[in-house]
Amino acid sequence: MVTLADYLVLSAVVFALGLYAVVTRRNGVAILMGIELMLNAANINLVAFNKYAAPGAVQGQIFALIVITLAACEAAVGLALVLAAYRSLETIHVDEINVMRW
Amino acid sequence: MTPYAWLIPLLPLLAFALVIWRGDRLPGRGAYVSIAGIALAGLCGLVLLGETAFGRRADLTYQWVVLGGRPLTVGFIVDPLSAVMTAMVGVVASLITIYSVGYMEGDPRFSRFFAYLSLFQFSMLFLVLADNFLFIYAGWELVGLCSYLLIGFWFERPAAARAALKAFVTTRVGDFSMMIGILILFLHTGTLSFSGVFHGIAAGRIGGPLLTLAAILVFGGAVGKSAQIPLHVWLPDAMEGPTPVSALIHAATMVAAGVYLVARTYPLFVQSPGHEALTVVAYVGGITAIVAATMGVVEDDIKRVLAYSTMSQLGYMLMGLGVLGYTAGMFHLITHAFFKALLFLGAGSVIHAVATNNMKEMGGLARAMPVTFWTFLVATLALTGIPPFSGFFSKDAILLAAYAQDRTLWLLGTIGAFVTAFYMGRLTWYTFAGSYRGGGHPHESPTVMTVPLVILGVAAAVLGFLESPFERYVRFPGVEAPAPNAPLLAVSVLVALAGWAAAAAIYHWRLIPSAALRRYLRAPYTLLVHKYYVDDLYGWVFLKVGGLVVLLAGAFDRYVVDGLVNAVGWLTGRLGWVLRFLQTGREENYLLLIFLGLVVIVLVRLVR
Amino acid sequence: MTGEAIAFYGLAAVILVSGLVVVGSPNIVHSAVALVPAFLGITGIYILLGAEFVAGIQVLIYAGAITVLVLFVIMLTEGGTGLRQQQRNEQGPIGASVAVAIAVLLIAGVTHTTWGRGAGTLPAYTPGAIGRSFLGTNLLAFEGTSIVLLVSLIGAIIIARKEE
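Read on for a plain summary of the structure. Nothing here was measured: the structure is a model prediction, and the numbers come from that model. (Residues numbered from 1 in each chain as written. Chains lettered and ligands numbered in written order. Predicted model: local features only at pLDDT ≥ 70, side-chain atom pairs only at ≥ 80, totals over all residues. Heavy atoms only, no water.)

A look at the layout of surface pockets
To keep things clear, this is the line we draw: Only protein atoms enter the 1 Å grid used here. Points where a 1.4 Å probe fits but cannot escape make up a cavity, open sets with protein on both sides within 12 Å along at least five of seven lines make up a pocket, and a residue lines them when an atom lies within 4 Å of a point. Grid points are joined across faces, edges and corners, and a volume is the space filled by probe spheres set on the points. Put simply, DSSP marks the helices as runs of H or I at least four residues long and the strands as runs of E at least two long, and each gets a number from the N terminus on.
Of the pockets and cavities examined, the largest pocket occupies roughly 700 Å³. Lining the largest pocket we find 25 residues, and of these Ile31(A), Val94(A), Ile97(A), Glu587(B) and Glu588(B) sit closest to its centre. Those elements that provide at least two residues to the lining of the largest pocket are α2 (28-52) and α3 (59-89) of chain A together with α26 (587-607) of chain B. For the lining of the largest pocket, the element with the most residues is α3(A), which contributes five residues.

Here it is, written out as structure tokens:
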């Protein structure tokens, strides 16, 4: 039988994957994908806790829904930023965006 | 006069200040002011002599400064020892200063010479009247400075400049030893004044081997200043200075300061267990007496012969003090001051006339310079100990004390007397007898130079008769002069006459030509000419040691000092290189650091 | 092995493999496309956890809108050229170690804790419960989220607009 711990382990691994992507990738869009993975991992956590630790109400799912919504907003804005950056700087590799650095 | 004894050194100091500041515009280009300064001081010294002869004593102390709760008292002492020294210095220095007016005539730095003379006179009087180690050390250093200035007076001559430096550095070694000795005494007795230290010794604050060590270290200063072996190397070279300087500083006064020091600090030596310190003093003096005399035999420079003679006679004085002949040693110091000053002034008169120091180029000057010759002869007879001149009385007092204390030293002294008579005879015959071998026109010196010669000559002749009053006057409690021993006196006179005879045989009647002697005694002759290779030894040692020090210091500076500095720089560079990544301006680096920090914190928390 | 367990491990495998493709692929388009199975796998997880409404929303928003958005942006920027460029920056190894370390720490923490069991059961029909909750206890969060949506909508348009 699947315990809470299994879901939490899964979410930890997905979070780690997302973190690796954020820290390591050069492409701005890839970084945003990593962020989505991390948010999803958090969601798995929330829903799992809802089922196993506090099943009386649906609070965890509410929280998860809000997170999904906000993730969508954030993805939209972030990708808009990537587009804008590409238009003026001709690149989306974050290590090449150093116009403001000395 | 006694309460105002502190004025005596100030008179020549004032003269110095005046002459160095406005020398050329003063009457006589500063000479008269200088003479006035020392003559007045000499007069006061004679008054002091009179007063102390009638039992007057004084210790004029002033509290100078409070050091850490303990007051430092300094001052001047008036007692027979300091009074007789003050009078001697005053009289002899006055005569020499008057003589210098004639000798230094025409010299471009005439007034400065007299300024330096006055400064020296101040320093010497200050030294002699001091009642504490601080003042005597200050005076010690000051006379050393004046010696440097005056030896190197004609500094355009490289030999003179080198000689001045050699004198200063060599005496510095002695001064250093003296300072260590003074510090040991101060450490144990808590005071620098002579009376305080002597009370401390009597109270047992310092004694045994430590006292002997302190005494020997203080004696080290005397070894340097009085040119005893092993610090004797500077005195012959010091003859580069003008002859009045040689007369004043290196015959009568400064070199005598070493003997004075031993006499003044006599309790140190007497209280050292088994008289060990006294034995050291006596043997250093005795060995120097004979070794210096032998070196004087082969010199051709008239002043150098006299320099070795001075060295030798100072050895006699120290030997006298060492064999508990306190009065004898001091008496010889006084008589020696007069006849040695006379010898040097006479030599100066000769040099002034024939423009050379080399005796081989002189001769027949007795007829050309009668006053010089007769006064010189009186002084020579005094030096070699021929009665009734003063040297006979003083030197024999020493030999008498030596015979009573240590036969070996008496033997050394007697052999030394033979050699002394020999080299002085040699000098006299070379310089004054025969016919003139040089190229100039020798003539008698001007009156301003001959009058001091005559005055000194009279003193050299008659001072010996003042031996008994002197014995009653300058004494050390508990030390008695031994009874006169007629056979001993006869032996001394015979030995001196034998020396004269030998000199006559070789240099006057040419019974044995000196060239032949040089050939047959080649090995000893070479040894003596090279001054027993002591100078060479010192030079080699210091070159080697100095070279080693230079090598070590250089290596240390390059590898350790520079190495440290370079290492700091290198380290900073590496550290900067490593820490660069904290501030790249790139988000991904910062994010990584955040999560890395998180991991580290959790791990640390887990480990604890 | 219960059916739930089989489903869980299968879904977990799908999620992890696609996740690896997302984060590791040198081709950005492959990464973007691999997002879909990942999100679908997570949808399955939600269903296993009895959160059907959330699962539905996940498919709609994530697999539907966000993935498409990502693909659009990739095509509009240089990712669409198909050029293979260096995708990993220079802190790859350290980043991997840090990620692994965090995963290990989390897993260690999770498995060493005894989790309590809560009381009660999930409602059978979750959309109703969620709807009632949104209009009841979580009204403020609901309204706030709508405002955020509005703001980000306007913001995205303005940022991505062509300069005139």
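Next comes the rest of the account.
So, the interface of chain B and chain C
Just so we agree on the cut-off: Working rule for contacts: check all heavy atoms of both residues, and any pair within 4.5 Å makes them a contact. Buried area: the accessible surface (1.4 Å probe) lost by two parts on joining, summed over both. Should a side-chain nitrogen of Lys or Arg be within 4 Å of a carboxyl oxygen of Asp or Glu, the pair is scored as a salt bridge. N or O atoms within 3.5 Å of each other form a polar contact, as long as, within protein, one can give a hydrogen and the other can take it, and as long as residues adjacent in sequence are counted only when both atoms are side-chain atoms. As a working rule, the residues Ala, Val, Leu, Ile, Met, Phe, Trp, Tyr, Cys and Pro are called nonpolar, Asp, Glu, Lys and Arg charged, and the rest polar, with Gly in that last group.
If you look at the interface, chain B gives 11 residues, while chain C gives nine residues. Here chain B and chain C share an interface that buries about 770 Å² over both sides, 73% of which is from carbon and sulfur atoms. The interface formed by chain B and chain C includes zero salt bridges. Taken together, chain B and chain C are joined by zero residue pairs in polar contact (both at pLDDT 80 or more). Looking at side-chain class alone, the side of chain B that touches chain C contains eight nonpolar, one polar and two charged residues.

As for the interface of chain C and chain A
Reports often express the size of an interface as the amount of accessible area lost when the parts come together. Each partner contributes to the interface: chain C provides 81 residues, whereas chain A provides 69 residues. Taken over both partners, the interface formed by chain C and chain A buries close to 6700 Å², and the fraction arising from carbon and sulfur atoms is 75%. Our count for the contact surface shared by chain C and chain A stands at zero salt bridges. Our enumeration of links across chain C and chain A arrives at eight residue pairs in polar contact (both at pLDDT 80 or more). Along the lines of polarity and charge, the residues of the side of chain C that touches chain A split into 50 nonpolar, 25 polar and six charged.

A few points about the pattern of salt bridges
Here the idea is simple: oppositely charged side chains can pair when their charged atoms come close. Residues and elements named next belong to chain B. This is how it is decided: Residue burial is assigned from relative accessible area. The probe radius is 1.4 Å, only protein chains are included, and a residue is buried under 20% of its type maximum, exposed over 50%, and partly exposed in between.
Throughout the structure, instances matching the rule amount to 15 salt bridges over all chains. The salt bridge partner of lysine 166 is aspartate 535, with a shortest N-O separation of 2.9 Å. Of this pair, lysine 166 sits in helix α6 (residues 158-189) while aspartate 535 sits in helix α25 (residues 534-579), and the two are 369 residues apart along the sequence. For lysine 166, a relative accessible area of 22% translates into the label partly exposed. When salt bridges that share partners are traced, they join Lys166, Asp237, Arg304, Lys531 and Asp535 into one network.

Some points on unusual backbone geometry
All names here are of chain B. Along the chain, isoleucine 229 connects to proline 230 via a cis peptide bond; the corresponding omega equals 10 degrees. Secondary-structure assignment places proline 230 in the loop between α8 (208-225) and α9 (234-237). The residue after proline 387, namely proline 388, is reached through a cis peptide bond having omega 0 degrees. With respect to the helices and strands, the residue proline 388 is situated in the loop between α17 (370-384) and α18 (390-405). With a phi angle near 60 degrees, alanine 355 is a residue other than glycine that sits in the positive phi range. Turning to its location among the elements, alanine 355 is positioned in the loop between α15 (326-354) and α16 (365-368). A relative accessible area of 68% places alanine 355 in the exposed class. Residues other than glycine seldom take positive phi values, yet lysine 531 does so here, at roughly 55 degrees. Looking at where lysine 531 falls in the secondary structure, it is placed in the loop between α24 (522-529) and α25.

With respect to the pairing of strand β2 (residues 70-78) of chain B
This is how it is decided: By this definition, two strands are paired if DSSP reports at least two bridges between them.
Where strand β1 (residues 58-67) of chain B lies against β2(B), nine bridges are found, and the strand directions are antiparallel. If you follow Leu60(B) over to β2(B), its bridge partner there is Phe76(B).

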